Each structure stands twice: as structure tokens, then as C-alpha cells.
Amino acid sequence: MKDAWSSDEIRKAEEPLIAAGVPLMARAAYALAQAVLREVAARPAGSRATRPAGRPAPRPSGVRLRGSLSSDGLPGTARVRPARSAETRGDVRGARALLLVGPGNNGGDTLYAGAHLARRGMSVTAVLVSARAHEEGLAAFEAAGGHVQRLADVRVPTVVQWARASDVVLDGLVGVGARGALRPPAGGLVRALVEAREAAGRRWPYTVAVDIPSGIGVDDGVVPGPVLTADRTVTFGALKPGLLLPPAAGFAGTVELVDIGFPDVSVTDHWAGAAQRVTLGRHAMTGTDTGPGRVRRMEPADVAALWPAPTARDHKYTRGVVGVIAGTSTYPGAAVLATSGAVRAGAGMVRYLGPEDVGTRVLLARPEVVVAGGRVQAWVLGPGVPAYDPEEGPDDDGQARRVFGALAAVTGVLSEDVTGGRMPAVIDAGALTMLEHRLPAWAVLTPHAGELAELLQGLGHEADRAAVEARPLHWARTAHQATGATVLLKGAVTVVAGPGGAYAQADAPPWTATAGAGDVLAGILGTLLAGRSADVVADETLAARLAAAAVLVHGRAAARASAGGPVAALEIARAVPAVIAELLG
Ligand SMILES: NC(=O)C1=CN([C@@H]2O[C@H](COP(=O)(O)OP(=O)(O)OC[C@H]3O[C@@H](n4cnc5c(N)ncnc54)[C@H](OP(=O)(O)O)[C@@H]3O)[C@@H](O)[C@H]2O)[C@@H](O)CC1
Ligand SMILES: Nc1ncnc2c1ncn2[C@@H]1O[C@H](COP(=O)(O)OP(=O)(O)O)[C@@H](O)[C@H]1O
Ligand SMILES: [K+]
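Residues numbered from 1 in each chain as written. Chains lettered and ligands numbered in written order. Predicted model: local features only at pLDDT ≥ 70, side-chain atom pairs only at ≥ 80, totals over all residues.

### Observations regarding the site of ligand 1
So the rule is basically this: Should the C-beta atom of a residue, placed from the backbone, lie within 6 Å of a molecule or strand, that residue is near it. Per the convention used, a helix needs a DSSP run of H or I reaching at least four residues, while a strand needs a run of E reaching at least two, with both numbered from the N terminus. Polar here means any residue outside two lists: the nonpolar Ala, Val, Leu, Ile, Met, Phe, Trp, Tyr, Cys and Pro, and the charged Asp, Glu, Lys and Arg; Gly therefore counts as polar.
In the vicinity of ligand 1 there are 26 residues, among which Gly104, Asn105, Asn106, Gly175 and Gly177 approach most closely. Looking at the shell around ligand 1, the elements that each hand over two or more residues are α1 (7–19), α2 (24–42) and α4 (105–119). Per element, the largest residue contribution to the shell around ligand 1 is 4 residues, and it comes from α4. Looking at side-chain class alone, the shell around ligand 1 contains 13 nonpolar, 8 polar and 5 charged residues.

Quick look at the structure:
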């Protein structure tokens, strides 16, 4: 599990460590410098930027001021210095680094890292964007032979020119202490750099974000203003939500998490959502909700632990029956795709309810499907079913009526003797327009951004598709809070918001953006919910975890089916068994 901590949580984790004299900044800076050195050393010397005229020659490598990293004045540094790899010992002399340095500790990290680079013989220039800069960091940087420029004394185009002439740019303007869009002058500088980067294409220097790409929303992943896209983000202590969440995650490049000594976070995802214990400095939290700011990303091992793999004692009914209400005579494909997703994910049985001609097509594609009513352990409602219009009346072969009936079982408005008990559901496409009652967390809404915008408008929010795409976590959470349901917002990064917190999954290649792919996902999730139906109703946090697990399996199946090229939705379903076998193996 990847676990991203909110900026508040990071601060709480730092406090006791700083009080105990743990050299967090020295550790961060050292790791940052190592990441830069690795990259620069790996590049052929001939490809490096040439030194513009008039700049002083770089210091020869090996020149150290006051001996070592511990001269940072931060105690204990020498103890944590990791062994140098052969790569980072490579010759970096003459390579050029430009540091963009803000007023806070993020700038401090960057200046100390710059000192390491200068001592290794790189020519390093720091541009201070503010009148203030981290004092000790600046002193260490200058003592190591770094060149200091103040943005107030040079023009933005000059800094852009220096950037273009560098091998590597470090973005150390702001980190987790920042709020909102980058203000002037940092904002103006970054805007100019973004334009230059776009114009330069591949000729732009390797860009490293310090802790986060400056200007992203650390906790919510928004991008409220200009942000310089990084090739790599070296982040300290813990991941931040903005590094996992869209749209900000798209600016981070490869994210490298550096251990600077934050306490271990032991998060266990138990079968039935037993309590987790998360220790964060002195602050211990228990329970499955790891704090409102947390954003997590499932990894294959987490999915394997959640998956309802059958045992010798199982039979088809104990494994879970999925009921699918999908498709109409006009849109029969969705029924085939949703049932295929459910069958391929390993349901004990899949029932299909819908018009006869669609049922026939489902059977032709998947003879295993039972085209008849009966008890189910989870519903998949709505793929290929048109939006409900109470004025016009339904033109949907009776599908809206069937969906309303199933929803009554999900929400519990009908007595359990009628429905056979409350059960989880995937509520997709047309069924999203049929919600009349507050929903339980075991109802999982699966909109894309456009569908979520419509749902939110129905709830009185002013949000169009673009607004949802700009703040996916916020709007998914808003919809969760307003409806009670778990919300799975589909996209290149799929965001899940439920009572147990939020997940951000980025498992699928862009080829997955193809009609019908979402129907397959609905089927896969239906199988997971049916397989763990009683657990999902008993533990309100489980639906979100299963939803994230379904997204991971779907994304990996899409990657497997795509193999780097186009992918058809049915092929995603076809690839699911091999993905599950791999995960469980
Ligand atoms: N604590 C530690 O020991 C460790 C911390 N670490 C590092 O410190 C980072 C956090 O440092 P931090 O808290 O000093 O804040 P930081 O992110 O540098 O920025 C705040 C400064 O920026 C300014 N500013 C704010 N908003 C802005 C905006 N929109 N646009 C422009 N400017 C804006 C704001 O200025 P002001 O509002 O005061 O004028 C303030 O001065 C963290 O990400 C990690 O890199 C690591 O070394 C590990 C040890
Ligand atoms: N750029 C992208 N990269 C990866 N996956 C994507 C991208 N855009 C959409 N997807 C995924 O493709 C699927 C599309 O689903 P959806 O929009 O519901 O289509 P449909 O209703 O036609 O099935 C979702 O699983 C979504 O997460
Ligand atoms: K930064």
C-alpha cells in the first residue's frame, strides 16, 4: 500500500523528530543530491550543457568545506550517510545545475543539496526568489562554492536562459508549507519556465522537484496556477496526496520516496477490515480511517489479500452471485461487457436481467450467464441503460423499473423478507440518474467526470465536467458525503472516496479510454462485492477497498490486453483471469 500523508500529518511527524535533534533536512538534502548525481552521472559527458561564457570554472571535485555533511551544523548526519553507489561516484564535473530557491525549508533542502553538488565539482547556481532564504543552507551553499543570484537583481528571461543552459534544474520554491497558487515573483518565473519548457521539448534539462512540484495542492492534488513539470520528484518522509492525485500527479514525474526517519507506518488491510494501527510520531491513531487527509494507493499484494479466492469448501452460491441489470435493445453491448467482466473476474454465478433479445446476445457471448431472476449477493446496475427521465417516461425495455427494484434492496427501503437482505451494488451510467434515497457505503457509484458533474448538479452543486476534473478528490468526497455511497470516479487516475478514506489508482494505460471499458470494470467490481457481500455490509470501509482493488485489476488487465497498443473493451475482460492468477500467485 502506498500511503500519502497530509501536510498536517507530516508536520506532526516532524515535530518530535526535530525536537530530538534528528537531522531531517540534512538527510533530505543528501538524498536529493544523490538522486541528482545519479542522473547527471548516467548521462554521457558530451550531452551535457556547455558552460556559458563568463561563468567561473567549476570547483574541482573533492573540494570540501569543513570536511563533511555534518558541517551543515545538524548533528548526527554522518551516521545516516548511505554508502555511495558506483553510479553516484561517476564524474559529474562541469555539469551545471540551476536551483530555484524559495524562502522556506524547501529552499533550505535545495541549498544544502546544491552544496553537495558543488562539492562534487558541478557548477551550481541558486536563484533566490525571495528576500528571505534559509540562512544556514545559504551559508553552506556559498561555502561549497555555489553561485548565488537574486531574482530581484536579474530578469526572468535571464533565469530562463540559465535554465536552458543547465543539465539539471531543481525546483525548491515551496514544499508542504505552501498554500494556493504560486504568488509573484515565483509564479511569474515558473510561468516563464513552463513556456520555455514547452518550446524546448526534449531539449529541456532534467527537472527535479524538491519534495513536491512547487505550486501543486499538497493535500488535494489541485493545480491552481503554474507548475513546472518534473522528471523526478524526490519526496521526503512520506508521500503527499498531491503526488498520487490528479491533476497534480501528472506534474511529478517519477516519484522517489526518501526515508528521513519518520516512524514506520504499519498499515494492515485485513480480510474483514479489522482495526489498523498507524503510529505517527507521538500521535497514534487506530481504526480503519487513517485520518481525513490520507490518500492511499493499492498495490498488488493488497489486492491479493482482499480477493475472495475460493477454497475447497466453496460452491457457486457461497462464492457469490452477481445480478447484472444492464443494456437495452438499443445498447446491448454494455450487457455483454458487464457480464463478461463479472464472469472473467470469477463470480460463482452471474444472473442477467433485461429484455429478451439482449439476454440472448449475452448468452451467445457468455453461455455461463443465467438469464433469469433469483437471489443475488451483489448488483451491477445501469451500464448501457439510458438516463432516467421522469417527464418523458422510460424508453428502456423495462430496465429502469428493474433498477429501481434492485436499488430498494440496496438501500433497504423494502423489507428484507422481500429483498432477501441488504446487499452491495455497483451503480453505473443510467442507474446514477435513478437515485432517490440516501445510500449506504456498500453502494458504489462509478461515474466518469461528466456523470459525476451531472449527479452533483442534481444535488445543487455548481460543477461541470471541467470542475470535476480540476478537483477530483474534492468532488468525489462531496458526492460521497451527500449520497452516503462510496464514490469511484473514473479517469486516468481513478479516485475512490468512502468512509474509510480515499484511494487514487493509476494502473491503466491511456488506451483504456475506450467505449465499454467502464462496463467491464462494473462487472469486475460486482464480482468482488458479491464474493464478500456480508463483509461489505458489515464493514462500511470495505467497499472502497474493494473498489480500488477492482480498479487495479481492471487497469492491469487493460495493460496486458493492450501490450502497448490499442485495446478493445472485451479484451480487457478476457485478460482478467491471468491478472488475478498473477496477483494471487
Ligand atoms: N520541517 C523540517 O525540518 C523539514 C522540512 N523539510 C522541507 O521543508 C518543506 C516545508 O518547509 P516550510 O514549512 O518552511 O515551507 P515551504 O514549503 O518551504 O514554503 C513556505 C514558504 O513559502 C512561502 N509561500 C507559501 N505559499 C506560497 C505561495 N502560494 N507562493 C509563493 N510562496 C509561498 C511562504 O512565504 P510567506 O507566506 O511566509 O511569505 C513560506 O515562507 C518541506 O516541503 C520539505 O521540503 C525537509 O527538509 C524535512 C525537514
Ligand atoms: N486517459 C486514461 N488512461 C487510463 N485509463 C483511462 C483513461 N481515461 C479513462 N480511463 C478508464 O477507462 C474506463 C472508461 O470508462 P467509461 O468512461 O465508463 O466508459 P464506458 O462507459 O464507455 O464503459 C474507466 O475505467 C477509466 O478509468
Ligand atoms: K518544491
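### Describing the sheet that holds strand β3 (residues 123–128)
Strand-to-strand pairing in sheets goes through backbone hydrogen bonds, with the strands running parallel or antiparallel. Heads up, the rule is: Between any two strands, pairing holds if DSSP finds at least two bridges. To obtain each axis, a line is fitted to C-alpha atoms, and for helices this fit is confined to the stretch in contact; angles are then taken between N-to-C directions over 0 to 180 degrees. Whether two residues are in contact is decided by their C-beta atoms, placed from the backbone, lying within 7 Å.
Spatially, β4-β3-β2-β5-β6-β7-β8 is the arrangement adopted by the 7 strands of the open sheet, whose pairing is parallel. Edge positions in the sheet fall to β4 (147–150) and β8 (254–258), since each of these pairs with one other strand and no more. On average, each strand axis in the sheet is tilted by 20° relative to the strand beside it, whichever way the strands run. Two strands pair when backbone bridges link them, and strand β6 (residues 206–210) and strand β7 (residues 232–236) are joined in this way by 3 bridges, in the parallel orientation. Each bridged residue has a counterpart across the sheet, and for valine 208 the counterpart in β7 is arginine 232. Each of β2 (96–101), β5 (168–172), β6, β7 and β8 is contacted by α2, which is oriented at about 160° to β7, the strand it contacts most. Each of β2, β3, β5 and β6 touches α4; the most contacted strand, β2, lies at about 165° to it.

### Notes on the site of ligand 2
Around ligand 2, the surrounding shell holds 16 residues, and the nearest of these are Lys490, Ala492, Thr512, Ala513 and Gly518. If one sorts the elements of the shell around ligand 2 by residue count, helix α18 (residues 517–531) sits on top with 4 residues. Taken together, the residues of the shell around ligand 2 sort by class into 7 nonpolar, 7 polar and 2 charged.

### Things to note about the sheet that holds strand β18 (residues 494–498)
Pairing within the open sheet is mixed, and its 10 strands lie in the order β1-β11-β19-β18-β17-β16-β15-β14-β12-β13. Each end of this open sheet is capped by a strand with a single partner; those strands are β1 (2–4) and β13 (349–353). The sheet shows a mean angle of 20° between the axes of neighbouring strands, taken without regard to direction. In this sheet, strand β15 (residues 425–427) lies alongside strand β14 (residues 378–381) in parallel orientation, the contact comprising 3 bridges. Within the sheet, the bridge partner assigned to leucine 381 lies in β15 and is isoleucine 427. Contacts from helix α17 (residues 472–483) reach β16 (443–445), β17 (486–489), β18 and β19 (501–505) within the one sheet, and its direction differs from that of β18 by about 35°.

### Comments concerning the packing of helix α11 (residues 333–344) against helix α21 (residues 569–584)
Relative placement of two packed helices is described by the angle separating their axes and the distance separating the axes. For clarity, the threshold we go by: An angle below 35 degrees is read as roughly parallel, one above 145 as roughly antiparallel, one from 65 to 115 as roughly perpendicular, and any other as oblique.
Packing of α11 against α21 leaves a shortest axis separation of 8 Å and a crossing angle of 10°. Relative to α21, α11 is oriented roughly parallel. Contacts between α11 and α21 involve Leu337, Ser340, Gly341 and Arg344 from the former and Ala569, Leu570, Ala573, Arg574, Val576 and Pro577 from the latter. In terms of residue class, the contact of α11 with α21 is built from 6 nonpolar, 2 polar and 2 charged.

### Let's talk about the domain arrangement of the chain
Keep this limit in mind: An automatic or database domain assignment is the source of the domain bounds shown.
The domain architecture assigned to the chain consists of domain 1 (2–45 + 92–266) and domain 2 (316–584). For domain 1 and domain 2, the distance between their C-alpha centroids amounts to 41 Å. On the side of domain 2, 10 residues touch domain 1, which itself brings 8 residues to the contact. Looking at the side of domain 1 that touches domain 2 residue by residue, the classes come out as 6 nonpolar, 1 polar and 1 charged.

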